[in-house]
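Descriptive analysis of the structure
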Amino acid sequence: MQTGLRYRFLVFWISLAALLISLPGCAWFGDESKRAKMMSVPEMSQSLASARPSLSANAPWPQPAWWEVFETPALNRLIAAALADNPNFKAAAARLRQSQAMVDAQAAELYPTVDANVSFSAQRFSANSTQAKLAGENFRQLLINPLVLRYHLDFWGRDQAALEAAVGRSLAVATELADAKLLLASAVAGRYFDLVASSEKLTIAEKIVTDRKALLALQQVRLATGLVTAAPVLQAKMALNAARQTEAGVRAEVDLQKNLLAALAGKGPDWGRSIVIASGVFPKHLALPADLPLRLLAHRPDVTAARLHAQAAAQEIKVAETAFYPDVNLIAFTGLHSVSLTDVLLQGSSLAYAVGPSIEFPIFEGGRLRANLTYQQAGYDVAVERYNGSLVHAVQEVADALSRWRETDTRIAEQQQTVADAAEAERLADSLNRTGLNDRNELMLACVAAHQQRFRLATLKGEHFKTAVQVIQALGGGFNEISAKPQ
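Rules behind the numbers
- Residues numbered from 1 in each chain as written.
- Predicted model: local features only at pLDDT ≥ 70, side-chain atom pairs only at ≥ 80, totals over all residues.
- Heavy atoms only, no water.
- Helix = DSSP H or I, 4+ residues; strand = E, 2+ residues; numbered from the N terminus.
- Buried < 20%, exposed > 50% of the residue type's maximum accessible area, 1.4 Å probe, protein only.
- Contact = heavy atoms within 4.5 Å.
- Areas by Shrake-Rupley, 256 points an atom, 1.4 Å probe, with all protein chains shown as cover.
- Pairing = 2+ DSSP bridges.
- Axes fitted to C-alpha atoms, helices over the stretch in contact; angles between N-to-C directions.
- Salt bridge = Lys/Arg side-chain N within 4 Å of Asp/Glu carboxyl O.
- Polar contact = N/O pair within 3.5 Å; in protein donor to acceptor, adjacent residues only side chain to side chain.
- Phe/Tyr/Trp six-rings, centres within 6.5 Å; stacked < 30°, edge-to-face > 60°.
- Core = buried A, V, L, I, M, F, W, Y, C linked by side-chain atoms within 4.5 Å.
- pLDDT = per-residue confidence, 0-100.

Notes on the overall build of the chain
- Helices and strands together make up the secondary structure of the chain, namely 13 helices and four strands.
- Of all 487 residues assigned to the chain, the portion counted as buried reaches 38%.
- Partitioning the intrachain contacts of the chain with sequence separation of at least 6 by distance along the chain shows that 83% fall at a separation of at least 24.
- Total accessible area on the chain is roughly 27300 Å²; 58% of this is exposed by carbon and sulfur atoms.

Written out as structure tokens, the structure reads:
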């Protein structure tokens with residue numbers, strides 16, 4: 001009799017669950033709003049075509065250790081130190097470990113849990129309460145359950161969707177770590193080339209100051225001998241003061257760049273004083289990959305991370321939808337229950353056990369479930385639009401880097417010709433001075449002019465190296481989505 005009643009009761013609840021699930025989706029989830037869509041790679045063929053003359057198009061993507069193309073051991077050591085000790089980069093690595101732990105925690109939801117509990121209670125029932133049969137009685141209860149099983153039956157895929165969302169978030173964090181590595185290495189490389197350029201400019205500035213001092217001394221001798229008025233002396237003093245200001249500014253640049261490189265490496269400013277300054281070798285084959293537009297999505301860590309976050313948000317929508325369905329849990333326990341402390345272990349009648357499903361139906365939640373679903377849907381739209389924004393930003397960075405590359409490539413070629421012309425003018429002035437066709441003042445002015453052109457060339461060389469770094473960074477710096485996945 002009781003068995004038949006239990007069977008009919010179970011059939012009733014299963015039928016009710018099937019009826020609720022078969023209701024139209026809008027009754028559960030409300031009116032479905034239009035979801036955001038991921039955009040394709042924006043058109044950039046014209047931007048790439050304009051860069052082909054200065055950059056070949058048959059090279060592979062940058063390698064993971066892309067900074068080694070500059071053949072500068074000092075730079076290699078700086079980047080290695082930064083990747084090992086930079087606090088922000090280590091924090092990003094810690095966030096990756098956190099996300100991986102969350103994946104493990106979510107994966108555990110797919111498995112049953114087994115625990116144990118022991119409880120003891122002593123109670124006296126009031127003689128004036130509603131428990132007339134136990135009025136005035138003392139009551140003790142001992143419960144020993146060495147085996148309690150709980151298992152969530154994932155009929156609607158809630159736990160699986162939550163796991164896939166956690167995995168997606170973890171992969172996104174791993175990709176963000178790769179992006180942090182790229183940004184850190186690019187910052188170190190850029191600042192190092194600034195330091196190299198500033199060091200070279202400082203050497204030239206010191207020479208200009210020396211020449212200006214000599215010019216001032218020459219004008220003072222001419223003034224003393226009555227060959228010139230005070231005006232040339234004043235002009236020489238002003239020129240010397242300006243040269244000294246330039247030298248002081250460049251010297252400060254060297255110190256500031258060393259301090260910044262030390263901070264990027266997670267060190268103090270004194271550590272930066274020992275940085276070796278060595279000119280790098282400009283890459284001989286800095287080129288654009290032939291399939292740049294097609295493979296940009298897989299080689300930009302920021303774009304990949306944004307896409308993974310959007311995919312994880314899609315799974316979180318599924319989790320929110322399953323909250324509208326009946327939740328089924330299987331619960332079982334076995335143990336010893338007794339009101340006597342002496343017979344709990346000696347009497348077989350103290351044995352207790354139970355097993356069965358627990359079904360919960362969301363009937364009235366005050367709008368909580370629908371609000372959560374709307375929240376997750378909006379979160380997905382946000383993630384998709386962030387992906388679209390990162391994609392637009394990525395192609396803009398590529399186009400900007402190529403434009404700066406063309407600019408610096410042209411300017412440095414012209415400046416090299418200017419330096420050659422200034423050197424020729426300096427040699428001509430020296431030749432004329434040797435033959436007595438001009439005075440020493442003109443020779444020294446020609447030397448200063450040549451040094452000033454070399455000063456500008458040093459600045460452009462630093463910018464040219466930095467632009468090469470920016471091109472590599474815009475191309476993803478050797479990132480590969482497959483190799484970036486945690487093992």
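Having seen the structure, we can now continue with the description.
With respect to the sheet that holds strand β1 (residues 113-124)
- With antiparallel pairing, the four strands of this open sheet are ordered in space as β1-β2-β3-β4. Of all strands in the sheet, those with a lone pairing partner are β1 and β4 (351-360), marking the two edges. Neighbour-to-neighbour, the strand axes of this sheet turn through a mean angle of 25°, independent of strand direction.
- Of the pairings in the sheet, the one linking strand β2 (residues 138-153) to strand β3 (residues 327-338) comprises ten bridges and is antiparallel in character.

What to know about the pattern of salt bridges
- All chains considered together, the criterion is met by 17 salt bridges.
- Here Asp381 and Arg35 are joined by a salt bridge, their closest N and O atoms 2.9 Å apart. Note that Asp381 is positioned in helix α11 (residues 368-434) and Arg35 in the loop between α2 (25-29) and α3 (45-51), a separation of 346 residues in sequence.
- Look at Asp381 and you get buried, because its relative accessible area is 18%.

Quick look at unusual backbone geometry
- Its identity as a non-glycine residue notwithstanding, Glu71 has a phi of 50°, on the positive side.
- Within the secondary structure layout, Glu71 lies in the loop between α3 and α4 (73-85).

Considering the environment of Gln473
- Considering the arrangement of structural elements, one finds Gln473 in helix α12 (residues 440-474).
- Judged by relative accessible area, which is 18%, Gln473 ranks as buried.
- A sequence separation of 407 residues divides Gln473 from Trp66, and the C-alpha atoms of the two residues are 9.3 Å apart.
- Beyond its immediate sequence surroundings of up to four residues, Gln473 is in contact with Leu182, Leu183, Ser186 and Arg300.
- Engagement of the side chain of Gln473 in a polar contact is seen with the side chain of Ser186, the distance being 3.5 Å.

A word on the packing of aromatic side chains
- Applying the stated criterion across every chain yields a total of seven aromatic pairs.
- Members of the aromatic cluster, connected to one another through ring pairs, are Phe70, Tyr192, Phe193 and Phe465.

What about the nonpolar core?
- Membership of the largest hydrophobic core comes to 67 residues, with the highest contact counts inside it found for Trp66, Phe70, Leu75, Val188, Tyr192, Phe193 and Leu292.
- Breaking this core down by element, the ones donating at least two residues are α4, α5 (87-107), α6 (158-224), α7 (230-264), α9 (292-299), α10 (301-322), α11 and α12.
- With 19 residues, α6 is the single largest residue contributor to this core.
- Aside from chain neighbours lying at most four places away, what touches Phe193 is Phe70, Leu75, Gly462, Phe465, Lys466 and Val469.
- In terms of nonpolar packing, the next biggest core, distinct from the first, is built from eleven residues, Ala310, Ala313, Ile317 and Tyr380 among them.

As for the confidence of the model for the chain
- Confidence in the prediction of the chain, expressed as mean pLDDT, is 84, and 85% of residues score 70 or more.
- Scored below 50 in pLDDT, residues 20-27 shows eight contacts in the model against residues more than four places distant or in partner chains.

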